[in-house]
Amino acid sequence: MSSARGELAALAMDRLVGRTVLPDDLVTAAARAIVAGLDSPTLPELAGLGHDDTTASDLFSQVVAELGIEVPTDAATARWQLLGEALAALARGDVSVNEGATAVWELDRRLDYPDALDEMRRWIAMLDSWIPTDVTPVSFCEDQILQRARELLSGNWPPVTR
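All of these numbers come straight from a predicted model, not from anything done at the bench. (Residues numbered from 1 in each chain as written. Predicted model: local features only at pLDDT ≥ 70, side-chain atom pairs only at ≥ 80, totals over all residues. Heavy atoms only, no water.)

Caption draft 1: Summary view of the side chain of D108. Mapped onto the elements of the fold, D108 is located in helix 6 (residues 97–110). Residue classification places D108 among the buried residues on the basis of a relative accessible area of 3%. Within the local environment of D108, its side chain forms a polar contact with the side chain of R121, the two groups lying 2.6 Å apart. Ignoring sequence-local partners within four residues, the contact set of D108 consists of Y113, P114, L117 and R121. (Helix = DSSP H or I, 4+ residues; strand = E, 2+ residues; numbered from the N terminus. Buried < 20%, exposed > 50% of the residue type's maximum accessible area, 1.4 Å probe, protein only. Polar contact = N/O pair within 3.5 Å; in protein donor to acceptor, adjacent residues only side chain to side chain. Contact = heavy atoms within 4.5 Å.)

Caption draft 2: The arrangement of helix 1 (residues 3–17) in detail. If you check helix 1, its first and last C-alpha atoms are 21 Å apart, about what 15 residues at 1.5 Å a residue would give, namely 21 Å. Within the sequence span of helix 1, burial applies to A4, L8, A9, L11, A12, M13, D14 and V17. Of the surrounding elements, those touching the buried residues of helix 1 are helix 2 (23–35), helix 4 (56–66), helix 5 (75–92) and helix 6. Residue G18 follows helix 1 closely and has a positive phi angle near 100 degrees. (Expected span 1.5 Å × (residues − 1).)

Caption draft 3: Representation of the packing of aromatic side chains within the structure. Counted according to the given criterion, the structure contains 2 aromatic pairs. Relative to W157, the ring of W80 lies with its centre 5.7 Å away and its plane at 85 degrees, an arrangement referred to as edge-to-face. Of the two residues, W80 is situated in helix 5 and W157 in the segment after helix 8 (138–154); the sequence distance between them amounts to 77 residues. Both rings, one in W123 and one in F140, keep their centres 5.6 Å apart while their planes meet at 70 degrees; by these two values the pair is edge-to-face. Of this pair, W123 sits in helix 7 (residues 118–128) while F140 sits in helix 8; the two residues are 17 residues apart in sequence, bridging distant segments of the chain. Owing to a relative accessible area of 7%, W123 belongs among the buried residues under this scheme. (Phe/Tyr/Trp six-rings, centres within 6.5 Å; stacked < 30°, edge-to-face > 60°.)

Caption draft 4: Spatial organisation of the packing of helix 5 against helix 6. Running from amino to carboxyl end, helix 5 crosses helix 6 at an angle of 165 degrees, the nearest separation of the two axes being 9 Å. For the element pair helix 5 / helix 6, the angle class is roughly antiparallel. Seen from above, helix 5 lies across helix 6 with left-handed handedness. For the pair formed by helix 5 and helix 6, the contact residues are R79, L82, L83, A86, L87 and L90 on the first element and V97, G100, A103, V104, L107 and R110 on the second. Residue composition of the contact of helix 5 with helix 6, grouped by class: 9 nonpolar, 1 polar and 2 charged. (Axes fitted to C-alpha atoms, helices over the stretch in contact; angles between N-to-C directions. Parallel < 35°, antiparallel > 145°, perpendicular 65-115°, else oblique. Left-handed = near helix turned anticlockwise from the far one by under 90°. Nonpolar A, V, L, I, M, F, W, Y, C, P; charged D, E, K, R; others polar.)

By themselves these figures say nothing about function.
Take a look at the structure:
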């Protein structure tokens, strides 16, 4: 997938899961897509909008459809997919434990705190509130978060327990 197409797909996912995506983000991504050689009937129109044009959202949805960019059919599925990607990036070491924990925390909240993430949530909270005088070393909290990420990824996905 081209990086421009990937950017459009990421924006579509962000919108679906409920993250704030501004018209400026959509217009800028459309302009980059054109420069990268992507083409669809509505793409130039989106790229030509003002950066605060409220019609960008509807045009963006058209562009996603025209380019055949696949996104999950519902927000919950998209949130679980993004959570799986965040856990995988964390487990692979592609992101720092703090960065990965922040992404997991946000998606956990958007998924309404599923039971399957209870242990992960506990360790993230400990890491978030850690101070140098704590008895538990910060590295132990980080190791527990990485271990929970690996455990979650090794089981059924999504790990819905309620």
